[in-house]
Amino acid sequence: MVPTVPVPRRPFGPGDPVDPVHQWYENELGWTAVPGSPVRLVTGLRFDVLEVPAEAGFAALRHLAPVSPVALQGDRMRLLVAAGSAEELPGLLDWLEWGSLALDLTAIGADGSIEAPPPPDPGVPVAPERGTVEPERDRGAASVAPDFGAPVSPGPRPPRPAGFGDLPEDRPEGHPRARPADRLAAGPKTQRGPRGAARWLRPPEPGREVEPALPTLSALGGGGVGGAPDLVRLVQTMATQCHRVRLRRACAQPLAFSYSSRMVAGTRPRSLTS
């Protein structure tokens, strides 16, 4: 992969409309951004993007550096990787013997772009969107990510008074069966835009070059410059998790001729209708 020279930061003129999001990416990070609503980040210059289901992406975070940028949008996760990785992905999947399977793993490289998440606010935690599936630690099952912070192992619950929680008004904020307004108000203030908008799970840091923290093929076997993450291990883990997600979703769908589906459709077996 040929290294690229970062685009120089462009000062805003007095007549230019000031977009704080666009200005933050171009002036604070030196990234190429396309103004608009929403602002978009150009890929293929300083980084490419690998996009996977969020529940598959969480399992791959251990292969990234702590400062490797990661974004979420809806139920999708976007991991920033070294520029040129999108072109290498098909061959890499073939080499890892995943090329013959349909994986929900896509790459965005040259001539592409992604929606720019809002810049993080200092002191405000960045949270996965409610409903994002995140694997539990030390388990193979999946659970729903909490409103903020890292996944927490469930612990013993204190006893509650008899009848508590029977009515929506009695249920605490964040209760899975609480009223929608209660659930939306739960948790501290976090940096998130409109529902479904992109947001940072691991935001980039101003003043720090992003390239040394991006997974790259040159890091295979730990040979990356400056301890860069290994792209091969990252792709292998994401491909495995994407395949597991695909199998789990396929197994969760009811069979067309199962007993339960025939009962629902009203075409019960003859033994029950005679």
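Reference entry: report on the structure contained in this document. The shown structure was predicted, so the numbers you read here are calculated from the model rather than taken from an experiment. (Residues numbered from 1 in each chain as written. Predicted model: local features only at pLDDT ≥ 70, side-chain atom pairs only at ≥ 80, totals over all residues. Heavy atoms only, no water.)

Residues of helix α3 (residues 85-95) that are buried include every one of Ser85, Ala86, Leu89, Leu92 and Leu93, and no others. The buried residues of α3 occupy one face: seen down the axis, they fall within an arc of 95°. Across from the buried face of α3, at angles greater than 90 degrees, the exposed residues are Glu87, Pro90, Asp94 and Trp95. Residues of α3 that are buried sit in contact with β3 (48-53), β5 (76-81), β6 (106-108) and α5 (231-252). Downstream of α3 by one or two residues, glutamate 97 has phi in the positive range, about 65°. (Buried < 20%, exposed > 50% of the residue type's maximum accessible area, 1.4 Å probe, protein only. Helix = DSSP H or I, 4+ residues; strand = E, 2+ residues; numbered from the N terminus. Arc of directions from axis to C-beta. Contact = heavy atoms within 4.5 Å.)

Attention now moves to unusual backbone geometry. Look at the link from serine 37 to proline 38: it is a cis peptide, with omega at 5°. Within the secondary structure layout, proline 38 lies in the loop between β1 (33-34) and β2 (40-42). For glutamate 97, which is not glycine, the phi dihedral falls at a positive 65°. Even without a glycine there, the phi angle at aspartate 111 is positive, about 65°. Aspartate 111 sits in the exposed class, given a relative accessible area of 84%.

This structure, assessed with the given rule, holds nine salt bridges. Taking the shortest distance from any N to any O, the salt bridge between arginine 46 and glutamate 209 comes out at 2.5 Å. Residue arginine 46 is located in the loop between β2 and β3, and its partner glutamate 209 is located in the loop between β10 (199-202) and α5; the two are separated by 163 residues in the primary sequence. With its nearest N and O atoms 4.0 Å apart, the salt bridge here joins arginine 233 to aspartate 230. Here aspartate 230 falls in the buried class, since its relative accessible area comes to 10%. (Salt bridge = Lys/Arg side-chain N within 4 Å of Asp/Glu carboxyl O.)

A few words on the packing of aromatic side chains. The final tally for this structure, using the stated rule, is four aromatic pairs. On the numbers, 6.4 Å between centres and 70° between planes, the contact of tryptophan 31 with tryptophan 200 is edge-to-face. A residue pair is termed long-range when its members are at least 10 positions apart, and tryptophan 31 in the loop between α1 (20-29) and β1 and tryptophan 200 in strand β10 qualify at 169 residues. Note on accessibility: tryptophan 31 and tryptophan 200 belong to one class, buried. Taken together, the ring pairs connect Trp24, Tyr25, Trp31, Phe47 and Trp200 into an aromatic cluster. (Phe/Tyr/Trp six-rings, centres within 6.5 Å; stacked < 30°, edge-to-face > 60°.)

The subject of this paragraph is the sheet that holds β2. Strand order in the open sheet formed by three strands is β1-β2-β7, with antiparallel pairing between adjacent strands. Sheet topology places β1 and β7 (113-115) at the edges, where each strand pairs with a single neighbour. As judged from the two bridges shared by β1 and β2, these two strands associate in the antiparallel manner. For alanine 33, the partnering residue across the bridge sits in β2 and is leucine 41. (Pairing = 2+ DSSP bridges.)

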